[in-house]
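Remarks on the overall topology
One letter stands for each residue in the lines below.
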Amino acid sequence: MQIMINGNRMEAKEGQTVLQAALANGVYIPHLCYHEKVGAAGKCRACVVEIDGMRGLQTSCSVLAKEGMVVNTQTETALQAQRLVIDLMLSTGKHDCLACEQNGHCELQDAAYFLGIERPSILYADIDREIDTTSEFVHVDRNKCISCGRCVAACNGTVVNQVIDFGMRGHSTEIVFNTNKKMADSTCVQCGECSQICPVGALIDKNSIGKGRIWELDKVSSVCPYCGVGCKLELYVDRKTNKIVKVEGAEDGPTNDGMLCIKGRYGYDFVGHPDRLKTPLIKENGQFREATWDEAIDLVVSKFSAIKEKYGPDSIMALSSAKVTNEENYTFQKLVRTGFQTNNVDHCARL
Amino acid sequence: MTNDIPGIKKSDVAIIIGSDTSEGHPVIAARIKQAVMEGTLKLIVIDPKEIKMADFAEIYAQHRPGTDVAVLNGIMHLIIKNGWEDKEFINERVEPESYEALKAEVANYTSDYVEKISGVPAAKLEAIAELFGKAKVGALYYTMGITQHTTGVDNVKSTANLQMLCGNMGVPGGGVNPLRGQSNVQGACDMGALPVCYTAYQPVATEAVQQKMEAFWGVKLSNKPGCTMTVAFDKAYEGEMKAFYIMGENPLISDPDLHHIEHAIDNLEFLVVQDIFLTETAQKADVVLPATTYAEKDGTFSNTERRVQRLSKAVNAPGQAKHDWEIHQLVANKLGLNWNYGCAEDIFKEITQCTPSYAGMSFERLGRKGLHWPCPTADHPGTPVLHIGKFSKGLGTMFAIPFKAPAEVPDGEYPIYLTTGRILQQFHTGTMSRKTPGFNRLAGPHVMMSVEDAEALGVGNGEDVKVSTRRGSIVTKAFITKRMPKGTAFVPFHFAEAPANILTNNALDPIAKIPEYKVCACKLEKA
Ligand code: SF4
Ligand code: SF4
Ligand code: SF4
Ligand code: FES
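Please read these numbers as outputs of a predicted model, since none were measured by experiment. (Residues numbered from 1 in each chain as written. Chains lettered and ligands numbered in written order. Predicted model: local features only at pLDDT ≥ 70, side-chain atom pairs only at ≥ 80, totals over all residues. Heavy atoms only, no water.)

1. Comments concerning the pattern of salt bridges
Convention followed: Whenever Lys or Arg places a side-chain nitrogen within 4 Å of a carboxyl oxygen from Asp or Glu, that contact is recorded as a salt bridge. A run of H or I in DSSP counts as a helix once it spans at least four residues, and a run of E counts as a strand once it spans at least two, with each numbered from the N terminus. When a residue's accessible area, from a 1.4 Å probe over protein chains only, is under 20% of the maximum for its type it is buried; when over 50% it is exposed; and in between it is partly exposed.
Scanning the model with the defined rule gives 40 salt bridges over all chains in all. The shortest N-O distance in the salt bridge between aspartate 205 of chain A and lysine 246 of chain A comes to 3.1 Å. Taken together, the residues span a long stretch of sequence, with aspartate 205 of chain A in strand 9 (residues 203-205) and lysine 246 of chain A in strand 12 (residues 243-249) at a distance of 41 residues. Among the residues examined, aspartate 205 of chain A registers a relative accessible area of 3% and is labelled buried. We note a salt bridge from aspartate 411 of chain B to arginine 470 of chain B, for which the minimum N-O separation is 2.5 Å. Here arginine 470 of chain B lies in the loop between strand 14 (464-468) and strand 15 (473-480) and aspartate 411 of chain B lies in the loop between strand 11 (371-372) and strand 12 (416-421), a separation of 59 residues in the sequence. Salt bridges sharing partners connect three or more residues here, namely Glu408, Asp411, Arg470 and Arg471 of chain B.

Below is the structure:
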């Protein structure tokens, strides 16, 4: 179907909301509670637009696109209302962007930038909520929370861990873990879904803090090295230090839709660990010494050849790995079969 | 898995048996929980431990460890008795004699008999049979809780029996779905890292296959099936196996009856270990070769739903570490084999030429979404659901499987069932996961036990307990939980300082050679 957005004819799909159609066509409308995965909440009212034939402002995340609909996202009335919402969010939180980990990755910043808000019109001085640093992997700063509800929806509806909810009332409404426990004392399993979906710096991956600005990092797509689900990952890499500093679930990952578990999201320390093996080692008199590749390969080949000669090829066993790639499993069994002439190759699928 | 992960949305009922899904496969668990919350799926959980998934279940049945066949036979008995089986599917797609044999066998498994063996109340078994038997599309998920038994193959066959009986094979949202425990177990099997077959399960003993591979590789090949790992360790123990080349595995933590394994390894004349850390096993090696991690390389993994996905190099490898395939190439060329791969993609191209199920794939086609094998041609869309319309072998075979008790069951001296497995925050032998300090703070070694057993012992949470079996003993911390039934204890196997596999029984399934990690007999003492 076709709809008009800001005077341009655009394609929209059956079942798409006005916001989704606009975003799909490259038209930005501020939106802070809506996220593809958790759907529309109609909570933040940042996404208001004018639609011909409908009275007043409409939240574009909750109105379905209809053939011939005429939408204006940038009338003065719409922009004013959007500005008011964003302004209020900035006023009621401690959004000191300079030091915020989310800087450059923050949807509230994006909205403020788009609307040309340099600083909030009022600033409350009394915002001083305790920061919850108890959990191993997620840093919780309620001073930055805009009560969009995404984390609540994601924890309950997406990963279904049922930990986060809104607690308290009125002005002091805030997110709580279980019955208002510290995150570490709650039933949270540290999957990090809430941190990935939080539009601002209220929920942050603790281990990434201070490790580099998002725009300085390369994003590389990979697959989780742990269990067999095969969750798609985005690795954020600091080229200067050659380190992975953050991992996100790929939102278009076919098996995971952006979800990860604690291991896939936070279990990357082993990659850059100081104990990694860096050179071949040869044992002499019960002690390892560093060796060159030439030495090591020479020794491996001469030993295997001698043993094969003396006891026959079936006296050699090769154990392959369920943690290396297909290509490397292939070359290993090919080596064993063509080089050692035995079918003694297995891996630990059984264990 | 015969079916795909997104297909979870299409099931009406699912059975989880022998899988602590939210610990072992958390993202699949999330998808199952989503479907339950959205009301499209009703869940049945069958497990000795009252796992987290049981909280989302319509019916939860707690059976004794190792009694899976009895429970599944009992369910099938009731389904047939009540006429809930899928007659059309059975008529069209199952060998009639095999169905008759199954029917005769399961007829013995009355609810009362099953209750006696498994401890599952008759009424509960009947409720399960009704819910599952009447479902339009039923799925079944399992992991090592089904396979790591001396009756592992029997257990697996029983799950297939049930799914054929209910006509759940070849249906989106149905299927028999083993959840693979490691990122590329599926791929390691597909790539022929198995003693009996080349890639895509082409048997080494079949003459036509041997000739094809000899022509393809240009080398004479042996048609004699090789040794499985478990048998190879026995042979090393006896002095018959002389040398091991181990890549990326740590059998000194992961294998059953560690004392036996250690002996076997000490007996070797030569041991090469290729890995990323100096693991417990690598410390025993004569030569250690430094390899790279997933983040340092290009290539592919095949996940539990047979989806082949790409990984891309993110960081540089440390020091002189090399990719596993580069090391293989060095060895091969020293042996005079003249290999010439320049990158992972070169190897993948070769794989597609000798692997029918991968033949239609290329790095470009895999893109961001991957492809499910079989994908035989360049225009084939891949196969998310296996066995639609027909089994690859023609008619499906059912198997009459009698219940057999585990190799070791509790007795006067060792009165408690011991079962082992994984926990969420750690992985396998810990080589990777234990390098993240936060994981270690969240999850250290422990023995999970019931409130009753803890009271009888007089131990409190976090206090030291000695767990002993006929093979050895460990001392570890008590983790007391309502989720464990009385008389059963659970030890995670990730920890070198309290290795569960000192305790486990190396009795094997006679066909699959899988050790019985999931059941043995132990005693608990205050330490
Ligand atoms: S980390 Fe996961 S489980 Fe914990 S609160 Fe966030 S979404 Fe919920
Ligand atoms: S913590 Fe983040 S996601 Fe949750 S309500 Fe606050 S701003 Fe939204
Ligand atoms: S993120 Fe978790 S569930 Fe996903 S593949 Fe990794 S270990 Fe498995
Ligand atoms: S995005 Fe529409 S109300 Fe929040």
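More follows now that the structure is in view.
2. A few points about the site of ligand 2
The condition is simple: We call a residue near a molecule or strand when any one of its heavy atoms sits within 4 Å of it. Side-chain classes are defined by residue name, with Ala, Val, Leu, Ile, Met, Phe, Trp, Tyr, Cys and Pro counting as nonpolar, Asp, Glu, Lys and Arg as charged, and the others, Gly among them, as polar.
If you check the shell around ligand 2, you find 13 residues, and the closest are Cys145, Cys148, Gly149, Cys151 and Cys198 of chain A. Among the residues making up the shell around ligand 2, the classes are represented as ten nonpolar, two polar and one charged.

3. Here we look at the sheet that holds strand 4 (residues 138-142) of chain B
Residues and elements named next belong to chain B. The condition is simple: At least two bridges found by DSSP between two strands are what make those strands a pair. For helices, the fitted axis covers only the stretch in contact; all axes are lines through C-alpha atoms, and the angles between them, taken along N-to-C directions, range from 0 to 180 degrees.
Overall, parallel pairing links the five strands, which are arranged 3-2-1-4-5 in an open sheet. Looking along the sheet, the strands with just one partner apiece sit at the ends: strand 3 (59-61) and strand 5 (176-178). Put simply, the sheet's adjacent strands are angled 15 degrees from each other on average, direction ignored. Where strand 4 meets strand 5, three bridges bridge the pair, whose relative direction is parallel. Opposite tyrosine 141, over in strand 5, you have asparagine 177 as the bridge partner.

4. Looking at the domain arrangement of chain B
Residue and element names in this part refer to chain B. Note the following rule: In this entry, domain limits derive from an automatic or database-based domain assignment. Throughout, a residue-residue contact means that at least one pair of heavy atoms, one from each residue, lies within 4.5 Å. For any pair of parts, buried area is found by adding up, for both, the accessible area (1.4 Å probe) each one loses once the two are put together.
Domains assigned within chain B are domain 1 (5-178), domain 2 (185-372) and domain 3 (416-526). Once you take the C-alpha centre of each, domain 1 and domain 3 turn out to be 26 Å apart. The interface of domain 1 with domain 3 comprises 22 residues on the first partner and 23 residues on the second. Carbon and sulfur atoms supply 58% of the area that domain 1 and domain 3 bury against each other, a total of about 1800 Å² over both sides. A salt bridge links arginine 483 to aspartate 55, with the shortest nitrogen-to-oxygen separation between them at 2.9 Å. Mapped onto the side of domain 1 that touches domain 3, the elements with two or more residues apiece are helix 1 (21-24), helix 8 (144-147) and helix 9 (152-165).

5. Some details on the site of ligand 3
Every residue near ligand 3 is listed here: Cys224, Tyr226, Cys227, Val229, Gly230, Cys231, Leu260, Cys261, Lys263 and Gly264 of chain A together with Pro26 and Val27 of chain B. Ligand 3 sits at a junction of chains, with neighbouring residues supplied by chains A and B. When residues of the shell around ligand 3 are traced back to their parent elements, those giving at least two are helix 6 (262-266) of chain A together with helix 2 (26-37) of chain B. The residue inventory of the shell around ligand 3, partitioned by class, reads nine nonpolar, two polar and one charged.

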